[in-house]
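# Tertiary structure, described
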Amino acid sequence: MAHIDITHPHALGLGRARKAAEEVAARLADEYDLRCHCKGDVLHFERSVVKGRIVLGKDAVQVQAKLGLLLSAMQGTIEREIRRLLDKKLG
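For the structure given in this document, a descriptive report is provided here. Keep in mind that what you see is a predicted model, and the values were worked out from it rather than measured. (Residues numbered from 1 in each chain as written. Predicted model: local features only at pLDDT ≥ 70, side-chain atom pairs only at ≥ 80, totals over all residues. Heavy atoms only, no water.)

Across the sheet, five strands lie side by side as β1-β5-β4-β3-β2; this open sheet has antiparallel pairing. Looking at strand neighbours, the two that pair on one side only are β1 (2–9) and β2 (35–39), the edges of this open sheet. Averaged over all pairs of adjacent strands, the angle between strand axes in this sheet comes to 15 degrees, irrespective of strand direction. Where strand β3 (residues 42–47) meets strand β4 (residues 50–56), six bridges bridge the pair, whose relative direction is antiparallel. Opposite L43, over in β4, you have I54 as the bridge partner. Contacts between helix α1 (residues 13–32) and the sheet are confined to β2, β3 and β4, with β4 contributing the most and set at about 165 degrees to the helix. Helix α3 (residues 75–90) rests against β1 and β5 (60–67) of the sheet, and its axis sits at about 15 degrees to β1. (Pairing = 2+ DSSP bridges. Helix = DSSP H or I, 4+ residues; strand = E, 2+ residues; numbered from the N terminus. Axes fitted to C-alpha atoms, helices over the stretch in contact; angles between N-to-C directions. Contact = heavy atoms within 4.5 Å.)

Here it is as structure tokens:
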């Protein structure tokens, strides 16, 4: 099982960061067929081969994911895509 743990700083404030994180989660949900739901400042996402969360903070967003065996081989690609989306949406 592979793990992804990314912390991305931002200067958007919590409200704008929430909107950006929701856009990142929606993009990942579409691309990887994930189910997403929010619980406070945490967006959870899952599928049979991946489970993770996006934690919103006032000055950073943290993305954590556990990839199952089938997605472990794609860890580098998935991590690069998450970083690209965070850069695009959070600056």
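Now for the packing of α1 against α3. Between α1 and α3, the least distance of the axes is 10 Å, while the angle of their chain directions is 145 degrees. Relative to α3, α1 is oriented so that their crossing is right-handed. Residues A17, A20, E23, V24, R27, L28, E31 and Y32 of α1 lie in contact with α3, whose contacting residues are I78, E81, I82, R84, L85, L86, K89 and L90. Among the residues making up the contact of α1 with α3, the classes are represented as ten nonpolar, no polar and six charged. (Left-handed = near helix turned anticlockwise from the far one by under 90°. Nonpolar A, V, L, I, M, F, W, Y, C, P; charged D, E, K, R; others polar.)

Bringing α3 into the picture now. Taking 1.5 Å of rise per residue, 16 residues should cover 22 Å, and α3 covers 22 Å from first to last C-alpha, within 8% of that figure. Within the sequence span of α3, burial applies to I78, E79, E81, I82, L85, L86 and L90. Angularly, the buried residues of α3 cover 160 degrees about the axis, an arc narrow enough to put them on a single face. Residues R80 and K88 are exposed on α3 and point more than 90 degrees away from its buried face. Buried-residue contacts for α3 involve β1, α1, β5 and α2 (69–72). (Expected span 1.5 Å × (residues − 1). Buried < 20%, exposed > 50% of the residue type's maximum accessible area, 1.4 Å probe, protein only. Arc of directions from axis to C-beta.)

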